[in-house]
Amino acid sequence: MMESLEPLLAEHPFLKGLDPRYTQIITGCASNVRFDTGQIIFREGEEANQFYIIRQGKVALQIYTPGRGSIIIDTLTEGEVLGWSWLIPPYQWRFDAVASELTRAIALDGKCLRNKCEADHDLGYELLKRFSSIVDQRLESTRIRLLNIYDNNP
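The structure presented is a predicted model; accordingly, all values stated were derived computationally and were not measured.

### Regarding the overall build of the chain
Reasoning step 1: A tally of helices and strands in the chain yields 4 helices and 8 strands.
Reasoning step 2: Here the chain has a C-alpha radius of gyration of 16 Å; the compact-globule value for 154 residues is 15 Å, and the two agree.
Reasoning step 3: A principal-axis box enclosing the C-alpha atoms of the chain has dimensions of 55 × 35 × 25 Å.
Reasoning step 4: By residue count, 43% of the 154 residues in the chain fall in the buried class.
Reasoning step 5: Sequence-distant contacts, at least 24 apart, represent 74% of the contacts inside the chain between residues at least 6 apart.
Reasoning step 6: Here the chain contributes 17 positive and 21 negative side-chain charges, whose respective centroids are spaced 2 Å apart.

This is how it looks when you write it as structure tokens:
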């Protein structure tokens, strides 16, 4: 019998303190996934219908720039949340994500969660608050990385 992901999700810092009934709802949209080294998890512009809680491994977030190719703008590791585009229309990825090493994660189905959030706006508000801090962290990380790139390449 497969172990429920609910205890793992309930204890994860991203969801910690969430009402247990919401954790149960979120668990209903969750599954285990694995990505091999070099595997593309998603590409910029593709439809974004999930997010991931990384349990083990590393994921590189990349943007493509003409003349420079792919630039890694952030690297996510164990415990971090990958993907927020499932929450914001038009639900398209803003970056490429590539597994830098064998990566295991919990995938959360964004369409499933959007439907649950429509049915319960309090759940939607809780998730939006939590994802807002992730968006803020990613924007800051990207800003710093880009400043470093352009400071070193006038």
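Picking up where we left off.
### Things to note about the packing of aromatic side chains
Reasoning step 1: On inspection of all chains with the given rule, the structure shows 7 aromatic pairs.
Reasoning step 2: Taken together, a centroid distance of 5.5 Å and an interplanar angle of 85° make the contact between F35 and Y52 edge-to-face. Taken together, the residues span a long stretch of sequence, with F35 in strand β1 (residues 30-35) and Y52 in strand β3 (residues 50-56) at a distance of 17 residues.
Reasoning step 3: On the basis of relative accessibility, which here comes to 8%, the residue F35 falls in the buried class.
Reasoning step 4: Between F51 and F131, the aromatic rings sit 4.8 Å apart at their centres with planes inclined by 90°, giving edge-to-face as the arrangement. Of this pair, F51 sits in strand β3 while F131 sits in helix α4 (residues 121-152), and the two are 80 residues apart along the sequence.
Reasoning step 5: Judged by its relative accessible area of 1%, F51 is buried.
Reasoning step 6: One aromatic cluster in this structure is built from F14, F51, W86 and F131.
Reasoning step 7: Cation over ring: R114 sits above Y91, and NZ or CZ is 3.8 Å from the ring centre.

Reading guide: rules and limits
- All chains use their own residue numbering, which begins from 1 and follows the written sequence.
- Local features are withheld for residues below a pLDDT of 70 in this predicted model, meaning they are given only at 70 or higher, and side-chain atom pairs are given and counted only at 80 or more; totals for whole chains, interfaces and linings count all residues.
- To get the side-chain values, take all heavy atoms of the structure and skip hydrogens and water.
- Only DSSP runs of H or I covering at least 4 residues are called helices, and only runs of E covering at least 2 are called strands; the numbering of each starts at the N terminus.
- It is over C-alpha atoms that the radius of gyration is taken, and the globule rule equals 2.2 Å times the number of residues to the power 0.38.
- Each residue's exposure class comes from its accessible area (1.4 Å probe, protein chains only) as a fraction of the maximum for that residue type: buried when under 20%, exposed when over 50%, partly exposed otherwise.
- Here a residue-residue contact requires only that any non-hydrogen atoms of the pair lie within 4.5 Å.
- Note on charges: Lys and Arg go in the positive column, Asp and Glu in the negative column, and His and the chain ends are not counted at all.
- Taken as the charge location is NZ of Lys, CZ of Arg, CG of Asp or CD of Glu.
- Stacked, tilted and edge-to-face pairs are distinguished by plane angle, under 30 degrees for stacked and over 60 for edge-to-face with tilted covering the rest, among Phe, Tyr and Trp rings (Trp via its six-membered ring) whose centres lie within 6.5 Å.
- By definition here, charges over rings are those cases where NZ of Lys or CZ of Arg is within 6 Å of the ring centre and within 35 degrees of the ring normal.

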